[in-house]
Amino acid sequence: MDLKKISNAELTLRLEKLVRSERKITHLILVHIIEVESRKIYAELGYDGMFSYLTKRLGYSESAAYRRLQSARLLKAVPSVAEKLEHGSINLSQLTQVQKCLKTETKSRPLEAILAKIENKNTFETKQILAVEFDQPTQAQTVITPQRDESVRIELTFTKKQFEVLQETKELLSHTIHNNSLADVIEHLALKYNKKIGLKNRNEKVKRLMHNELISKEQTCIESKYEELKLEKLKNVKSEKMTRSFAASKMQRPYLSVKLKRQLMATAGHACQYVDKLTGNKCKSKYQLQVDHVHPFAKGGSSELENLQILCRTHNHFKGASN
Ligand SMILES: [Zn+2]
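Residues numbered from 1 in each chain as written. Predicted model: local features only at pLDDT ≥ 70, side-chain atom pairs only at ≥ 80, totals over all residues.

**Comments concerning the overall build of the protein chain**
(1) Moving on: Helices and strands together make up the secondary structure of the protein chain, namely 13 helices and 4 strands.
(2) Moving on: Against the globule reference of 20 Å for 323 residues, the protein chain gives a C-alpha radius of gyration of 29 Å, more extended than a compact globule.
(3) Moving on: Principal-axis analysis of the C-alpha atoms places the extent of the protein chain at approximately 90 × 60 × 40 Å.
(4) Moving on: Scored against the burial criterion, the 323 residues of the protein chain give a buried share of 11%.
(5) Moving on: Sequence separation of 24 or more characterises 49% of the internal contacts of the protein chain that already satisfy a separation of 6 or more. (Helix = DSSP H or I, 4+ residues; strand = E, 2+ residues; numbered from the N terminus. Rg over C-alpha atoms; globule rule 2.2 N^0.38 Å. Buried ≥ 20, exposed ≤ 12 C-beta atoms within 10 Å, placed from the backbone. Contact = placed C-beta atoms within 7 Å.)

**As for the environment of Gln 136**
(1) Moving on: Of note, Gln 136 is situated in the loop between helix H8 (123-133) and strand E1 (143-146).
(2) Moving on: Looking at Gln 136, the number of C-beta atoms within 10 Å reads 12, which means it is exposed.

**Focus: the nonpolar core**
(1) Moving on: Core analysis: the largest hydrophobic core is formed by 17 residues, its most contacted members being Leu 69, Val 81 and Ile 90.
(2) Moving on: Looking at which element gives the most residues to this core, the answer is helix H4 (residues 62-77), with 5 residues.
(3) Moving on: Membership of the second largest hydrophobic core comes to 6 residues, among which are Cys 272, Tyr 274, Leu 311 and Cys 312. (Core = buried A, V, L, I, M, F, W, Y, C linked by C-beta atoms within 7 Å.)

**Some remarks on the pairing of strand E4 (residues 308-312)**
(1) Moving on: Burial analysis of E4 places 5 of its 5 residues in the buried class, which makes it a mostly covered element.
(2) Moving on: Burial along E4 is two-sided: Leu 308, Ile 310 and Cys 312 and Gln 309 and Leu 311, pointing in opposite directions, are all buried.

**Regarding helix H6 (residues 92-103)**
Since there are 3.6 residues in each turn of an α-helix, residues three or four apart along the chain are aligned in direction.
(1) Moving on: Over its 12 residues, H6 extends 17 Å from the first C-alpha to the last, a length consistent with the 16 Å expected when each residue adds 1.5 Å.
(2) Moving on: Looking only at H6, the buried set comprises Gln 94, Leu 95, Gln 97 and Val 98. Along the long axis of H6, the arc covered by the buried residues comes to 155°, so they all point the same way.
(3) Moving on: Structurally, H6 contributes buried residues whose contacts are with H4, helix H5 (81-87), helix H7 (111-117) and H8. (Expected span 1.5 Å × (residues − 1). Arc of directions from axis to C-beta.)

**Considering helix H3 (residues 50-57)**
(1) Moving on: Along H3, the residues classified as buried are Met 50, Tyr 53 and Leu 54. Across the axial projection of H3, the buried residues extend over an arc of 95°, all falling on one side.
(2) Moving on: Next to the buried residues of H3 lie helix H1 (8-38), helix H2 (41-44) and H4.
(3) Moving on: Downstream of H3 by a residue or two, Gly 59 has a phi angle that is positive, lying close to 75°.

**A word on unusual backbone geometry**
(1) Moving on: Of note in the backbone geometry, Asp 135 takes a positive phi value of approximately 50° without being a glycine.
(2) Moving on: Along the polypeptide, Asp 135 turns up in the loop between H8 and E1.
(3) Moving on: Notably, Gln 288 is not glycine yet its phi reads approximately 50°, a positive angle.
(4) Moving on: Relative to the helices and strands, Gln 288 is located in the loop between helix H12 (258-268) and strand E3 (289-293).
(5) Moving on: On the basis of neighbour counts, which here come to 18 C-beta atoms within 10 Å, the residue Gln 288 falls in the partly exposed class.

**A word on the environment of His 175**
(1) Moving on: Relative to the assigned elements, His 175 resides in the loop between helix H9 (160-172) and helix H10 (182-211).
(2) Moving on: Taking the number of C-beta atoms within 10 Å as the measure of exposure, His 175 has 13 and is therefore partly exposed.
(3) Moving on: Sequence-wise, His 175 and Leu 115 are 60 residues apart; in three dimensions their C-alpha atoms are separated by 38 Å.

**Concerning the packing of H6 against H8**
(1) Moving on: Across the interface, H6 lies against H8 with an axial gap of 10 Å and an inter-helix angle of 20°. The angle between H6 and H8 places the two elements in the roughly parallel class. Regarding H6 and H8, the two cross each other, and that crossing is right-handed. Between H6 and H8, the contacting residues are Ser 93, Gln 94, Gln 97, Val 98 and Cys 101 on the first element and Thr 123, Thr 126, Lys 127 and Leu 130 on the second. (Axes fitted to C-alpha atoms, helices over the stretch in contact; angles between N-to-C directions. Parallel < 35°, antiparallel > 145°, perpendicular 65-115°, else oblique. Left-handed = near helix turned anticlockwise from the far one by under 90°.)

**Considering the environment of Thr 267**
(1) Moving on: Positionally, Thr 267 belongs in helix H12.
(2) Moving on: Remark: the alpha-carbon pair of Thr 267 and Ile 310, spanning 43 residues in sequence, is separated by 9.0 Å.

Don't take any of this as a statement about function, it's just geometry.
Shown next, in the form of structure tokens:
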């Protein structure tokens, strides 16, 4: 079977069917794990526990074995999870999160209600809900752990406001920093700040020197040399800018005012406006947003508001390629 010869619709249909069978099989595997564990068959086979059996005998990675084992135990406690699992509204890593919370619990909680709350939520949202439901204490201390390659792992707490500001910066920088992690964003900001302060200090130093009456001729000479270099650098930057703007004008990109862009962004809710015509699924990505001409500019499309929309980089490229 050559998948390359199958239509897009058929290919996605097949994949979706496979994923459904995979979820069904995952459920069956969990049920079997429960039974093998309760009969302690792993001991008979020479393993000290289910985890060893799953990793050493069945070849699961440690994290995959852990997720299945935790999920199986939760499934045993709450059999109704099976349906959600097969339906795909709850996944193994969410079940593992819940089971982890249960380990430190002494109080009994309405598990069914908690599980209903985390349906169709992503990892971040799930953790947030569980923290509330299980009254998890807020951690405040910063933990810095040195690692083998001289990198450090930092665990720190941001307030809601701080985190929102940081997320906003991350979105704004998504054009500058590709696959930007929070560490990349913080590094970018720090470098920018350091450069600014470094430049300020140097300028102040030059000023002090100039106002000093006791400067020797030699120093004057150095300074003028410095000024000369500065001028030359300025000239270079200017000519570089001119070359760049010349190149830009040659490409004849349409001019869109900042006001117009802002208006477009606001209308789009600062998110990608791509909608899949078949499923009606909206992209809504907030990363690397670009202004797109609905009817392409190159084909005579206007730069009026009516012909413009906001797309993420992926969808702008996708549209460009399918035009
Ligand atoms: Zn998009």
